[in-house]
Amino acid sequence: MSPREVFALRDHLGTALTERSISDPRHVVSLAQLATDSCLGGRSGELDGRSVLLATSGQLLAGLALIEIDGVARRMLLCPPDLKPEHLASIIADAGIDAVVTDEPQRFAECGVDLVITVGLPQPSTATGQTVRATEWLMLTSGTSGVPKIVGHTLDGLCGAIVGDSPAPGEAIPVWATFYDIRRYGGLQIFLRAIVGGGSMVLSDPGEALADHIARLAARGVTHISGTPSHWRKLLMSGSIEGFRPRYVRLSGEIADQAVLDGLKRAFPDASIGHAYASTEAGVGFAVNDGLEGFPATLLGEGRGAVDMKVVDGSLRIRSKRAAHAYVGRAAAELTDGDGYVDTGDMVELRGGRYYFVGRRNGIINVGGLKVHPEEIEAVINGHPEVRMSRAKSRRSPITGGIVVAEVVLTADADPMRADMVRNQILAECRTRLAAHKVPAMIRFVAALDVTPAGKLARTDA
Amino acid sequence: MSVRLRIIAAIKQIAEEQKVKLPPLTDELTLHETGFDSLAFAILVARLEDDLGVDPFTLSEEVTFPNTIGDFIGAYENVPA
């Protein structure tokens, strides 16, 4: 490929930048500035052909830097905020990292990489990045245990689901936000939609109180926003949505059950509400906009759309130009099967012409040899009008190996005096809709449930 | 309430939930005759662990699972403090 045919993120910025910006709680950076300014002190040329670890303390500098680095470096690894220090060395080795871009240079003084470039807010510079190659984008999976896997993408693949998002001339530009971190796949999708699709981006800040965050999103005119069902449940129970009126609300990253879809419809009656299937490995699979959980079976098959999908042994498999091209590293496994399909590990069940997600293959609870997906139970529990969220999990049993127990968070307006009644109603509903071994043996009411840094319900014990 | 009464109450509660018709609960009744399946016993043991703070069947590898209601209650009554 000649450099002429290679496009990098900066080449998608377009010309009408004057009203576009990237912001966080402290700074608003005009995208127009990025055409002339550098956030690397004019040193991006030193990254020519390098394999770069992008590790910043916040999202804003990461977003600015990746625009400047893309098309220059050979590889760019987006370091998520929760990367454990003990995994750093193996990731540097596996990805062949030979340069670090960071706002905390002292953190990387001893990491064995000679070239450490400091990133800061954009400053006028005579030397900004030039597109000379297609940079390989590396992301880390959000696995809860062990070293995260390194997954390789191209900008083309990452942008594969972004079509027709650009505003028509004269139309107000979309303002995007996400509860995800943009250094994870779900968040990066939204960042790229904003940058490539002609919009602005309002970044989240983990240190910000939820009410302040939502007030900021409303004040900056956010029109499009995404998060996991756990993120949305947290927001719905916060009572903080007053005055926030997005036009487009999107869920991904976990199973979107009917209760959370209906809750969002009530909270945002004028918004279009959709849930999307995507993973760091398989890329964006599909989006569902009919307000119902699950997805139509007609989406399955080959050559029907942008992705091919099939179900093998109950798990969803996806073949797509948007999928990652490989796992990267010394002990990297094959990403796809012989036919090019990624096994997502997400288990689905066909009921009446629609596929429903029932859980992760590796999250299965074993009750006396019978398999139970915690998500299936949670979906039933979450259907109770006074339940905001729940977690089903295994409890060790000397008799059956494990039994199902559940923790339940009630809605803010639920009366704690009625907890026993709510418990009985939940159990009655579970007995009606679930096999006996799936009905929780015990239900405990809790004030909150942990959510991982990637925005998913924590399942360390499942 | 004594340990015995709490165990009997828990058995009756689970029987009601699981739609099991219990025969009179005498000490001689075998656990098999209660009509409880292994899931019902698993639930019973877990709830009693929460209620009484002890699960006698995982305390020691030597404990064998009891045969009768009397043995079952005895396992809880004889747990060393």
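Residues numbered from 1 in each chain as written. Chains lettered and ligands numbered in written order. Predicted model: local features only at pLDDT ≥ 70, side-chain atom pairs only at ≥ 80, totals over all residues. Heavy atoms only, no water.

**Quick notes on the overall build of chain B**
Reasoning step 1: The helix and strand inventory of chain B stands at four helices and zero strands.
Reasoning step 2: Reading chain B from its N end, one meets helices and strands in the order α-α-α-α.
Reasoning step 3: Based on the C-alpha atoms only, the size of chain B along its principal axes is roughly 35 × 25 × 20 Å.
Reasoning step 4: Residues classed as buried in chain B amount to 41% of the 81 residues present.
Reasoning step 5: Across chain B, contacts joining residues at least 24 apart in sequence account for 58% of those joining residues at least 6 apart.
Reasoning step 6: Total accessible area on chain B stands at roughly 4700 Å², and carbon and sulfur atoms take up 51% of it.
Reasoning step 7: Charge separation in chain B, taken as the distance between the mean sites of 6 positive and 14 negative side-chain charges, equals 11 Å. (Helix = DSSP H or I, 4+ residues; strand = E, 2+ residues; numbered from the N terminus. Buried < 20%, exposed > 50% of the residue type's maximum accessible area, 1.4 Å probe, protein only. Contact = heavy atoms within 4.5 Å. Areas by Shrake-Rupley, 256 points an atom, 1.4 Å probe, with all protein chains shown as cover. Lys, Arg positive; Asp, Glu negative; His and termini not counted. Charge placed at Lys NZ, Arg CZ, Asp CG, Glu CD.)

**What to know about the packing of helix H1 (residues 3–17) of chain B against helix H4 (residues 69–77) of chain B**
Residue and element names in this part refer to chain B.
Reasoning step 1: Closest axis-to-axis distance for the H1/H4 pair is 10 Å, and the angle between their directions is 125°. Relative to H4, the element H1 lies oblique. The two elements H1 and H4 meet at a crossing, and its hand is right-handed. Between H1 and H4, the contacting residues are Val3, Arg4, Ile7, Ile8 and Ile11 on the first element and Ile69, Phe72, Ile73, Tyr76 and Glu77 on the second.
Reasoning step 2: Of the residues contributing to the contact of H1 with H4, the split by class is eight nonpolar, no polar and two charged. (Axes fitted to C-alpha atoms, helices over the stretch in contact; angles between N-to-C directions. Parallel < 35°, antiparallel > 145°, perpendicular 65-115°, else oblique. Left-handed = near helix turned anticlockwise from the far one by under 90°. Nonpolar A, V, L, I, M, F, W, Y, C, P; charged D, E, K, R; others polar.)

**Some details on the pairing of strand E6 (residues 99–102) of chain A**
Side-chain direction in a regular strand flips from residue to residue, so the side chains alternate between the two faces of the sheet.
Residues and elements named next belong to chain A.
Reasoning step 1: Residue alternation in E6 divides its side chains into two sets, Ala99 and Val101 and Val100 and Thr102, and both sets are buried.
Reasoning step 2: Of the strand pairs in this sheet, strand E4 (residues 51–55) and E6 are connected by four bridges, and their pairing is parallel. Along E6, the bridge assignment pairs leucine 53 with valine 100.
Reasoning step 3: Where E6 lies against strand E7 (residues 115–118), four bridges are found, and the strand directions are parallel. (Pairing = 2+ DSSP bridges.)

**Considerations on the pattern of salt bridges**
Reasoning step 1: Summed over all chains, the structure comprises 36 salt bridges over all chains.
Reasoning step 2: The closest approach of N and O atoms between arginine 6 of chain B and aspartate 51 of chain B, which form a salt bridge, is 3.3 Å. Of this pair, arginine 6 of chain B sits in helix H1 while aspartate 51 of chain B sits in helix H2 (residues 38–52); the two residues are 45 residues apart in sequence, bridging distant segments of the chain.
Reasoning step 3: Under the relative-accessibility criterion, aspartate 51 of chain B is labelled partly exposed at 38%.
Reasoning step 4: One salt-bridge network, held together by shared partners, links Arg395 and Arg396 of chain A together with Glu49, Asp50 and Asp55 of chain B. (Salt bridge = Lys/Arg side-chain N within 4 Å of Asp/Glu carboxyl O.)

**Brief notes about the interface of chain A and chain B**
Reasoning step 1: Taken together, the 13 residues of chain A in the interface contact 16 residues of chain B.
Reasoning step 2: The largest contributions to the chain A side of the interface with chain B come from Arg395, Pro398 and Ile399 of chain A, which together make up 37% of the buried area.
Reasoning step 3: Here glutamate 49 of chain B ties to arginine 396 of chain A by a salt bridge, and the two come within 3.5 Å at their closest N and O atoms.
Reasoning step 4: At the junction of chain A with chain B, the criterion picks out five residue pairs in polar contact (both at pLDDT 80 or more).
Reasoning step 5: In terms of residue count, the dominant contributor to the side of chain A that touches chain B is strand E25 (residues 387–397) of chain A (three residues).
Reasoning step 6: Looking at side-chain class alone, the side of chain A that touches chain B contains seven nonpolar, three polar and three charged residues. (Buried area = accessible area lost by both parts, 1.4 Å probe. Polar contact = N/O pair within 3.5 Å; in protein donor to acceptor, adjacent residues only side chain to side chain.)

**Let's talk about H2 of chain B**
All names here are of chain B.
Reasoning step 1: Between its terminal C-alpha atoms H2 stretches 20 Å, which fits the 21 Å expected from 15 residues at 1.5 Å a residue.
Reasoning step 2: Within H2, the full set of buried residues consists of Leu39, Ala40, Phe41, Ala42, Ile43, Leu44, Val45, Ala46, Arg47 and Leu48.
Reasoning step 3: Looking one or two residues beyond H2, the residue adopting positive phi is glycine 53, at roughly 75°. (Expected span 1.5 Å × (residues − 1).)

**Structural notes on the UniProt feature "domain: AMP-binding enzyme C-terminal" (unreviewed entry) in chain A**
Reasoning step 1: The UniProt feature table records "domain: AMP-binding enzyme C-terminal" (unreviewed entry) at residues 376–456 of chain A.
Reasoning step 2: With 27% helix and 31% strand, residues 376–456 of chain A has its two end C-alpha atoms placed 16 Å apart. (UniProt positions renumbered as here; feature names shortened; annotations may be inferred.)

**Considerations on the packing of aromatic side chains**
Reasoning step 1: Within this structure, the stated rule accounts for 14 aromatic pairs over all chains.
Reasoning step 2: Judged by centre distance (6.1 Å) and plane angle (85°), the rings of phenylalanine 244 of chain A and phenylalanine 268 of chain A are edge-to-face. Placement of phenylalanine 244 of chain A in the loop between helix H6 (229–238) and strand E14 (248–251) and of phenylalanine 268 of chain A in the loop between helix H7 (258–267) and strand E15 (272–279) is noted, with a sequence separation of 24 residues between them.
Reasoning step 3: We classify phenylalanine 244 of chain A as buried; its relative accessible area is 0%.
Reasoning step 4: Aromatic pair phenylalanine 36 of chain B and phenylalanine 41 of chain B: ring centres 5.4 Å apart, planes at 65°, arrangement edge-to-face. A single burial state applies to phenylalanine 36 of chain B and to phenylalanine 41 of chain B, both of which are buried.
Reasoning step 5: One aromatic cluster in this structure is built from Tyr277, Phe286, Phe295, Tyr355 and Phe357 of chain A. (Phe/Tyr/Trp six-rings, centres within 6.5 Å; stacked < 30°, edge-to-face > 60°.)

**Some thoughts on empty space enclosed by the protein**
Any empty space left between atoms is shown by rolling a water-sized probe over those atoms.
Reasoning step 1: Taken as a whole and judged by the stated rule, the model has one cavity of 30 Å³ or more.
Reasoning step 2: A volume near 40 Å³ is recorded for the largest cavity.
Reasoning step 3: Taken together, Arg431, Ala436, Val439 and Pro440 of chain A together with Glu17, Gln18, Ile43 and Arg47 of chain B form the lining of the largest cavity.
Reasoning step 4: In the lining of the largest cavity, the residues fall into four nonpolar, one polar and three charged. (1 Å grid on protein atoms, 1.4 Å probe; cavity = no way out; pocket = protein on both sides within 12 Å on 5 of 7 lines; lining within 4 Å. Points joined across faces, edges and corners; volume = space filled by probe spheres on them.)

**As for the UniProt feature "domain: Carrier" (unreviewed entry) in chain B**
Reasoning step 1: Mapped onto this numbering, the UniProt entry gives "domain: Carrier" (unreviewed entry) at residues 14–55 of chain B.
Reasoning step 2: Taken end to end, residues 14–55 of chain B is 45% helix and 0% strand, and its two terminal C-alpha atoms sit 17 Å from one another.

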